[in-house]
Amino acid sequence: MMLRKSAAVAAIAVLALTATACGGKSGSAGDKQSAQPGSSGAPQLPTYAVASNVTLDSPTFKAAKARGKLIIGSKADQPYLGFEDQSTKERSGFDVEIAKMIAADLGFKPDQIEWKTVDSGVRETAISKGQVDYYVGTYTINDKRKKLVGFAGPYYKAGADLLVRKDDNSITGKDSVKGKKVCSIVGSTPLQEIKKPEYGASVVELAKYSDCVQQLLSKQVDAVTTDDAILKGYAAKNSGKLHVVGKPFTEEPYGVGMNKDDKALRDFINSSLEKHEQDGTYKKIYDATLGLSGSTYQAPPTVVRY
Amino acid sequence: MNVLLDHFAEFRDGFIGTVEITAVSSVIALVLGLLLAGFRVSPVPPLRFFGTAWVTLLRNTPLTLLFLVSFFVVPEIFFPGMSPFLLGSLALGFYTASFVCEAVRSGIGTVPLGQAEAARSIGMSFTQTLRLIVLPQATRTVIPPLSSIFIALTKNSAIAGAFSVTELFGWQKLMSEDGYDIVPVFIWVALGYLIVTFAISGLFRLLERRMEVAR
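Just so it is clear, the model here is predicted, and its values are computed rather than measured.

Procedures and definitions
Residues numbered from 1 in each chain as written. Chains lettered and ligands numbered in written order. Predicted model: local features only at pLDDT ≥ 70, side-chain atom pairs only at ≥ 80, totals over all residues. Heavy atoms only, no water. 1 Å grid on protein atoms, 1.4 Å probe; cavity = no way out; pocket = protein on both sides within 12 Å on 5 of 7 lines; lining within 4 Å. Points joined across faces, edges and corners; volume = space filled by probe spheres on them. Helix = DSSP H or I, 4+ residues; strand = E, 2+ residues; numbered from the N terminus. Nonpolar A, V, L, I, M, F, W, Y, C, P; charged D, E, K, R; others polar. Pairing = 2+ DSSP bridges. Axes fitted to C-alpha atoms, helices over the stretch in contact; angles between N-to-C directions. Contact = heavy atoms within 4.5 Å. Salt bridge = Lys/Arg side-chain N within 4 Å of Asp/Glu carboxyl O. Buried < 20%, exposed > 50% of the residue type's maximum accessible area, 1.4 Å probe, protein only.

Participant: Sorry, what's going on with the layout of surface pockets here?
Facilitator: Over the atoms rolls a probe the size of a water molecule, and in doing so it shows where empty space is left. By volume, the largest pocket amounts to about 950 Å³. In terms of lining, the largest pocket is formed by 45 residues, of which the most central are D77, I185, A207, K208 and Y209 of chain A. Those elements that provide at least two residues to the lining of the largest pocket are β2 (77-78), β3 (82-84), α6 (189-194), α7 (209-217), β11 (223-227) and α8 (228-237) of chain A together with α8 (168-178) of chain B. Classifying every residue of the lining of the largest pocket gives 14 nonpolar, 16 polar and 15 charged.

Participant: Which parts of the structure should I look at to understand the sheet that holds strand β9 (residues 181-185) of chain A?
Facilitator: Strand pairing in a sheet relies on backbone hydrogen bonds. The paired strands run either parallel or antiparallel. Residues and elements named next belong to chain A. Spatially, five strands are ordered β10-β9-β11-β8-β12 in an open sheet, and the strand pairing comes out mixed. Each having just a single partner strand, β10 (202-206) and β12 (242-244) make up the two edges of the open sheet. Across the sheet, the mean angle from the axis of one strand to that of its neighbour is 30°, orientation sign disregarded. Running at roughly 150° to β11, α7 makes contact with β8 (160-165), β9, β10, β11 and β12 of the sheet. Helix-sheet contacts for α8 involve β8, β11 and β12, and the interaxial angle to β11 is about 130°.

Participant: I'm lost on the pattern of salt bridges in this one. Help?
Facilitator: Pairing between side chains of opposite charge can happen when their charged atoms approach one another. For the coordinates displayed, the defined rule picks out 18 salt bridges over all chains. Within this structure, K263, D267, E274 and R305 of chain A form a network of salt bridges that share partners.

Participant: When you look at the side chain of N270 of chain A in this model, what are you seeing that I'm missing?
Facilitator: All names here are of chain A. In this fold, N270 is placed in helix α9 (residues 263-278). Look at N270 and you get buried, because its relative accessible area is 1%. Among residues more than four places away in sequence, those in contact with N270 are A152, G153, V303, V304 and R305.

This is how it looks when you write it as structure tokens:
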């Protein structure tokens, strides 16, 4: 009896192990990310020293301090950028690490962070209504948005690029998409760009990038376009099958969004970004996240204070 | 106001897109719905079964799921490279057809049985009975629920925007990506829909009045 029981337990354990192993390798949407930071060979994520006795004349910071935790807005569906594992509720990715790094400088430990998923369409509202203290999630700085929210950074210079299948050599850049099917999400800026008649591409608009990637893998479309950072994430997830062309044709400087009037917090985050770009933390973060796509590291743009 | 003036071309394209997909899928839904209602009341068991199966399956499936199937599965298996507009219209039309069918069937139910029996006794076939006697009398009752169904269809067409169909609601995504305040954007989108749905309800009110009969 005893023997049979332990045999059953062992069988279940083996089953569970193989099941998780499968989940880690396949690249379909919603799966666990492969090559988790920390596994052998992959670059390690840095750890952040939590600052103590931070004083800052910022209403957002004071409110966060009083409530004992920091609310950070992020994306949850962009692998290697802002990704939430639905089974473990753990967040990972480049943007998430940048947000954690800033939180540590502000004196908040990882368990004092409350993550909030905010979709692109409601970012300005969430920030100006104070639903999040700051927002890190492929947020392009532009003048119209600056009227509604404040931006620290840029911390990453993204640009619209093309994601293609590795066996497809016909697309080498924006000038070779004539007659090709290019997918992007409804209303996005790269979509507006590629729609221009000079490119001559036929455009497929879907609700989510993962849908586009799905269609790319099943050869319904020939390329997916959006910011290279997002594409690198998908390339890292489907390494061996997809790659980024590597010739950005727009400029999308990513910033950290926060309350428009909170200049103290904006300056603080700007300094924090500058400090960690210099001490190498930034590069470590890149290597352990987006760097896994095989794209080479590029130095971050200089922070613009305004 | 600025949002509309600055991006009127995109707004107009979206509005026309909504009108187009609504019109095309309305025609699909109306034709298919009438046919299915005929199937459901017909004396032939396989046709009855087909009608019931269609209604059960499509009326109870979320529209987003139907769109997903029509956009990701249909092109892969049957027609690669089919236009998204057509796929969207078909999904929306097939879905709405099941509601039209049930509305028409309920209308047929209001026609006294004696009418159909009298038609049969003078030698009319089933299709003749349906076409000349039952459906004309059923139409009156069917019009108010049909207008609700077509208004719902207009609003459901917003889902098509997520599947590569240019329509009104997609304009909102464009504008919020551009960094406009979402409140005025939503007001304009709502107004756009209101124009379409008001036109539909006006059309049906007109029909109702013309078919009015003192009972």
